[in-house]
Amino acid sequence: MKSKKFGTTGHGVSVIGQGTWYIDRGDRKQAVAALRRGIDLGMTHIDTAEMYGDAELVIAEAIAGRRDETYLVSKVLPGNASRRGTVEACERSLKRLKTDRLDCYLLHWRGNFPLAETVGAFEQLVSSGKIRSWGVSNFDADDLDELLDVAGEGKIACNQVLYHLQERAIEHAVIPWCAKHGVAVVAYSPFGHDDFPRPNSKGGEALQAIAKHHGVSARQVALAFLAREPQLFAIPKASSAEHAAENAAAGDLVLGADEIAALDRAFPRGPKPRSLPML
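Below or above, wherever it landed, is the structure these notes cover. (Residues numbered from 1 in each chain as written. Predicted model: local features only at pLDDT ≥ 70, side-chain atom pairs only at ≥ 80, totals over all residues. Heavy atoms only, no water.)

**Focus: the state of the cysteines**
For step 1, the next point in the chain: All told, the structure shown has zero disulfides when counted by the stated rule.
For step 2, the next point in the chain: With no disulfide partner, cysteine 104 has as its closest neighbouring cysteine sulfur the one in cysteine 158, 4.3 Å distant.
For step 3, the next point in the chain: For cysteine 104, a relative accessible area of 0% translates into the label buried.
For step 4, the next point in the chain: The thiol of cysteine 178 is not disulfide-bonded; the next cysteine sulfur, from cysteine 158, is found 8.8 Å away.
For step 5, the next point in the chain: What makes cysteine 178 buried here is its relative accessible area of 0%. (Disulfide = S-S within 2.5 Å. Buried < 20%, exposed > 50% of the residue type's maximum accessible area, 1.4 Å probe, protein only.)

This is how it looks when you write it as structure tokens:
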């Protein structure tokens with residue numbers, strides 16, 4: 001599994017990681033096995049959130065005895081993102097994950113608390129060793145501008161955003177902003193939300209042609225496209241150990257310029273939306 005520098009942190013993080021939204025809704029044993037298989041194959045970047053129900057408990061079981069192998073990320077809900085609330089939410093997540101620190105801690109989306117309060121809590125948590133870095137999720141470029149004014153350069157590790165072949169809004173302003181300021185961009189829901197391109201659709205046919213050329217799956221091609229630039233990462237969720245292995249293999253797939261251009265034509269990014277899409 002390839003790794004890349006994760007924003008301003010300097011840490012090498014797996015290009016393809018593991019998302020965990022709804023991972024607590026199915027078979028617990030199967031979910032743990034999928035996460036462990038992913039770690040075995042180098043998908044050591046594991047993303048979760050306090051909003052994700054019992055996902056943190058599932059992860060705790062999966063990483064037992066292997067914490068030092070993983071790059072562990074969780075998120076605070078906007079409603080908890082006051083200075084005190086952020087610290088308390090982090091401590092709850094640490095307890096549920098059975099670890100003494102997070103590698104990165106994110107504000108899940110923009111809320112009503114002043115960014116200065118949340119950033120102050122993040123810096124307090126860094127100083128106490130409970131988190132190693134911090135970032136945000138679902139922030140548009142104007143939100144990032146405000147955050148930069150509060151935090152200063154070099155503090156924002158990443159911005160985790162909705163990004164898949166049929167939803168490329170972040171390419172207009174968010175990706176360029178993050179590239180300029182050294183911020184990692186993490187694609188969540190990289191296969192879409194139950195709407196991955198059908199094989200007989202225009203986009204699906206383009207995916208299938210490239211997949212056939214490389215001897216891989218269409219989903220692996222999609223992941224490789226989303227992680228094609230130095231600051232881009234993706235965190236697909238796997239429902240089984242076999243699915244995790246398929247996702248992991250995408251980390252070694254490199255698309256040619258002509259293949260990227262073909263996907264660009266098949267999945268046009270469209271005009272810049274008035275607000276940033278999110279789930």
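From this point on, the discussion continues.
**Quick notes on helix 2 (residues 55–62)**
For step 1, the next point in the chain: Within helix 2, six of the eight residues are buried, leaving the element largely enclosed by the surrounding structure.
For step 2, the next point in the chain: Taken residue by residue, helix 2 has Ala55, Glu56, Val58, Ile59, Ala60 and Ala62 as its buried positions.
For step 3, the next point in the chain: Contacts from the buried residues of helix 2 go to helix 1 (28–40), strand 3 (45–47), strand 4 (71–76) and helix 3 (83–97). (Helix = DSSP H or I, 4+ residues; strand = E, 2+ residues; numbered from the N terminus. Contact = heavy atoms within 4.5 Å.)

**Let's talk about unusual backbone geometry**
For step 1, the next point in the chain: Its identity as a non-glycine residue notwithstanding, asparagine 138 has a phi of 60°, on the positive side.
For step 2, the next point in the chain: With respect to the helices, strands and loops of the structure, asparagine 138 is situated in the loop between strand 6 (134–137) and helix 5 (141–151).
For step 3, the next point in the chain: The phi angle at serine 189 is positive, at roughly 50°, despite the residue not being glycine.
For step 4, the next point in the chain: With respect to the element layout, serine 189 can be found in the loop between strand 8 (184–188) and helix 7 (202–214).

**With respect to the pairing of strand 6**
For step 1, the next point in the chain: Of the two faces of strand 6, the one lined by Trp134 and Val136 and the one lined by Gly135 and Ser137 are each fully buried.
For step 2, the next point in the chain: Crossover handedness for the path strand 5 (residues 104–107) to helix 4 (residues 115–127) to strand 6: right-handed.
For step 3, the next point in the chain: Two elements, strand 6 and strand 7 (residues 156–162), share three bridges in a ladder whose sense is parallel. From the neighbouring strand, tryptophan 134 faces strand 7, where its bridge partner is isoleucine 156.
For step 4, the next point in the chain: Of the crossover connections in this fold, the one passing from strand 6 over helix 5 to the parallel strand 7 is right-handed. (Right-handed = clockwise from strand over helix to strand, strands pointing away. Pairing = 2+ DSSP bridges.)

**Looking at the packing of helix 7 against helix 10 (residues 257–266)**
For step 1, the next point in the chain: Running from N to C, helix 7 and helix 10 cross one another at 165°; their axes reach a closest spacing of 9 Å. What the angle tells us is that helix 7 and helix 10 run roughly antiparallel. Every pair of crossing elements has a handedness; the one defined by helix 7 and helix 10 is left-handed. Here helix 7 contributes Lys202, Gly203, Ala206, Leu207, Ile210, His213 and His214 to the contact with helix 10, which in turn contributes Glu259, Leu263, Arg265 and Ala266. (Axes fitted to C-alpha atoms, helices over the stretch in contact; angles between N-to-C directions. Parallel < 35°, antiparallel > 145°, perpendicular 65-115°, else oblique. Left-handed = near helix turned anticlockwise from the far one by under 90°.)

**What about the nonpolar core?**
For step 1, the next point in the chain: Ranked by internal contacts, the top residues of the largest apolar core, which has 81 residues, are Tyr105 and Leu263.
For step 2, the next point in the chain: Looking at this core, the element that brings in the most residues is helix 8 (residues 218–226), giving seven residues.
For step 3, the next point in the chain: Leave out the neighbours within four places in its chain, and leucine 263 touches Arg168, Ala206, Leu207, Ile210, Val221, Phe225 and Leu255. (Core = buried A, V, L, I, M, F, W, Y, C linked by side-chain atoms within 4.5 Å.)

**What about the packing of aromatic side chains?**
For step 1, the next point in the chain: Scanning the model with the defined rule gives seven aromatic pairs in all.
For step 2, the next point in the chain: Ring centres 5.2 Å apart and planes at 70° place the aromatic pair phenylalanine 6 and phenylalanine 233 in the edge-to-face group. Remark: phenylalanine 233 occurs in strand 9 (residues 232–234) and phenylalanine 6 occurs in the loop between strand 1 (3–5) and strand 2 (12–14); sequence separation between them is 227 residues. Here phenylalanine 6 and phenylalanine 233 have matching classes, each one buried.
For step 3, the next point in the chain: Seen in terms of ring centroids, tyrosine 105 and phenylalanine 122 are 5.8 Å apart; in terms of plane orientation they differ by 75°. Their pairing is edge-to-face. Placement of the pair is tyrosine 105 in strand 5 and phenylalanine 122 in helix 4, with a sequence separation of 17 residues.
For step 4, the next point in the chain: Put simply, the rings of Phe6, Tyr71 and Phe233 pair up and form one aromatic cluster. (Phe/Tyr/Trp six-rings, centres within 6.5 Å; stacked < 30°, edge-to-face > 60°.)

**Quick notes on the pattern of salt bridges**
Any two side chains of opposite charge can pair, on the condition that their charged atoms come close.
For step 1, the next point in the chain: All chains considered together, the criterion is met by 19 salt bridges.
For step 2, the next point in the chain: A salt bridge links arginine 101 to aspartate 68, with the shortest nitrogen-to-oxygen separation between them at 2.9 Å. Of the two residues, arginine 101 sits in the loop between helix 3 and strand 5 while aspartate 68 sits in the loop between helix 2 and strand 4, which places them 33 residues apart along the sequence.
For step 3, the next point in the chain: The residue glutamate 146 makes a salt bridge to arginine 110 at a minimum N-O spacing of 2.8 Å. Separated by 36 residues along the polypeptide, glutamate 146 in helix 5 and arginine 110 in the loop between strand 5 and helix 4 bring together distant segments of the chain. (Salt bridge = Lys/Arg side-chain N within 4 Å of Asp/Glu carboxyl O.)

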